[in-house]
Amino acid sequence: MPSRRRTLTAVPARVDLDKDRAVLPRYEHGTTPEFLMTFRQLAAAGLRPGGHDPVAVLRCRRCAYHPTRECTRPAALYDSRRALPKRTPTLAQEAALDSAMAARQTCQQCGVRQPHCLPVADRRCHPCATGGSLAAAA
Ligand SMILES: [Zn+2]
Ligand SMILES: [Zn+2]
């Protein structure tokens, strides 16, 4: 990894584990305190790092058997107590979105939902809009 970053910049955009593992506490697999989680573990718990840098480094599973070896595949550990909820829509939000979409996509004449939004002025599907008189007569 090229190191063009100067050490005095206030907040590094990305954490360079190669540089930081010298100062961050490291943990072997299975010895991590409960509140420390990898990005993947946070995501699995519905969380994301709360804008903070990793607070520790997790050595990879293979290195657990070689305590003196310098781990080449360390994982960043984040403090889950400072983590925030993932920004994914909740089921309720999705339902609201879907009903909003349904209103835009459902033909007011035949009531069939189309896979695309219908014209705002005339919420009818193409067959209804073009052959409306035929369908209305039937
Ligand atoms: Zn390793
Ligand atoms: Zn229609």
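Counting of residues starts from 1 at the beginning of each chain's written sequence and follows it residue by residue. Chains and ligands are labelled sequentially in the order written, the chains with letters from A and the ligands with numbers from 1. Totals for whole chains, interfaces and linings use every residue, but because this is a predicted model, local features are given only for residues with pLDDT of at least 70 and side-chain atom pairs only at 80 or more, for both listing and counting. Side-chain measures here rest on the full set of heavy atoms in the structure, leaving out hydrogens and waters.

## Considering the overall build of the protein
Secondary structure assignment for the protein yields four helices and six strands. Ordering the α and β elements of the protein from the N terminus gives α-β-β-α-β-β-β-β-α-α. Across the 138 residues of the protein, 27% fall into the buried class. In the protein, the proportion of contacts linking residues at least 24 apart, taken out of those at least 6 apart, comes to 53%. Taken as a whole, the protein presents about 10100 Å² of accessible surface, with 57% of it coming from carbon and sulfur. A helix here means a DSSP run of H or I that spans at least four residues, while a strand means a run of E at least two residues long, and both kinds are numbered starting from the N terminus. Three exposure classes are used, based on accessible area relative to the maximum for each residue type with a 1.4 Å probe and protein chains only: buried under 20%, partly exposed in between, and exposed over 50%. Here a residue-residue contact requires only that any non-hydrogen atoms of the pair lie within 4.5 Å. To be clear on the numbers: accessible area is Shrake-Rupley with a 1.4 Å probe, and residue cover counts the displayed protein chains and nothing else.

## Quick word on the coordination of the zinc ion (ligand 2)
For Na, K and Ca the donor cut-off is 3.2 Å; for every other metal, N, O and S atoms count as donors within 2.8 Å. Water does not enter the count, which can leave sites looking incomplete. The coordination sphere of the zinc ion (ligand 2) contains the protein donors Cys-107 (SG), Cys-110 (SG), Cys-125 (SG) and Cys-128 (SG), at a distance range of 2.2 to 2.3 Å. Here the metal geometry follows the donor angles, with tetrahedral for four donors whose angles all fall between 85 and 135 degrees, square planar for four and octahedral for six when opposite donors are more than 155 degrees apart and every other angle is between 65 and 115, and irregular for all the rest. One way to put it: the four donor atoms around the zinc ion (ligand 2) meet at angles of 101 to 116°, and that makes the site tetrahedral. Given a relative accessible area of 7%, Cys-128 falls into the buried group.

## A closer look at the coordination of the zinc ion (ligand 1)
Here the zinc ion (ligand 1) is held by Cys-60 (SG), Cys-63 (SG) and Cys-71 (SG), and the distances to it run 2.2 Å. Donor residues binding the zinc ion (ligand 1) come from one chain and are separated in sequence as C-x2-C-x7-C. A single burial state applies to Cys-63 and to Cys-71, both of which are buried.

## Structural notes on the pattern of salt bridges
When the charged atoms of two side chains lie near each other, side chains of opposite charge can form a pair. Salt bridge, as used here: a side-chain nitrogen of Lys or Arg that lies within 4 Å of a carboxyl oxygen of Asp or Glu. Tallied over the entire structure, the rule returns five salt bridges. Salt-bridge contacts for Glu-28 lead to Arg-59; the nearest nitrogen and oxygen are separated by 2.7 Å. Here Glu-28 is found in the loop between strand E1 (26-27) and strand E2 (36-38), whereas its partner Arg-59 is found in the loop between strand E4 (56-58) and strand E5 (75-79), with 31 residues between them in sequence. Arg-81 is paired through a salt bridge with Asp-79; the nearest N and O atoms lie 3.0 Å apart.

## Things to note about the sheet that holds E4
Here, any two strands with at least 2 DSSP bridges between them count as paired. Read from one edge to the other, the open sheet built from four strands follows the order E1-E4-E5-E2, with strand pairing classed as mixed. In this open sheet, the two edge strands, each paired with only one partner strand, are E1 and E2. Sheet topology places E1 next to E4; two bridges connect them, and they run parallel. Bridging across to E4, Arg-26 finds its partner in Val-57.

## Describing the environment of Arg-40
Relative to the helices and strands, Arg-40 is located in helix H2 (residues 39-44). You can call Arg-40 exposed: its relative accessible area is 71%. A sequence separation of 36 residues divides Arg-40 from Ala-76, and the C-alpha atoms of the two residues are 9.8 Å apart.

## Quick look at the nonpolar core
In plain words, nonpolar cores are sets of buried Ala, Val, Leu, Ile, Met, Phe, Trp, Tyr and Cys residues tied together by side-chain atoms within 4.5 Å. Met-37, Leu-42, Ala-76, Tyr-78 and Ala-83 form the largest nonpolar core, which has five residues in total. Once residues lying within four places of it in the same chain are set aside, the contact partners of Ala-83 are Leu-42, Leu-47, Arg-48, Gly-50 and His-52.

## Focus: the packing of aromatic side chains
Only the six-membered ring of Trp is used, alongside the rings of Phe and Tyr, when aromatic pairs are assigned; centres must lie within 6.5 Å, and planes under 30 degrees apart are stacked while those over 60 apart are edge-to-face, with the rest tilted. Using the criterion set out here, one finds one aromatic pair in the structure. Two conditions define a charge located above a ring, namely a distance within 6 Å from the ring centre to NZ of Lys or CZ of Arg, and an angle within 35 degrees of the ring normal. The residue whose ring lies beneath Arg-81 is Phe-35, and the NZ or CZ to ring-centre distance is 3.7 Å.

## Notes on the confidence of the model for the protein
Note on scores: pLDDT gives the predictor's confidence for each residue, bounded by 0 and 100. In this model, the protein carries a mean pLDDT of 80, and residues with pLDDT of at least 70 account for 78%. Counting contacts from residues 5-14, a segment whose pLDDT is below 50, to residues more than four positions away or on other chains yields six contacts.

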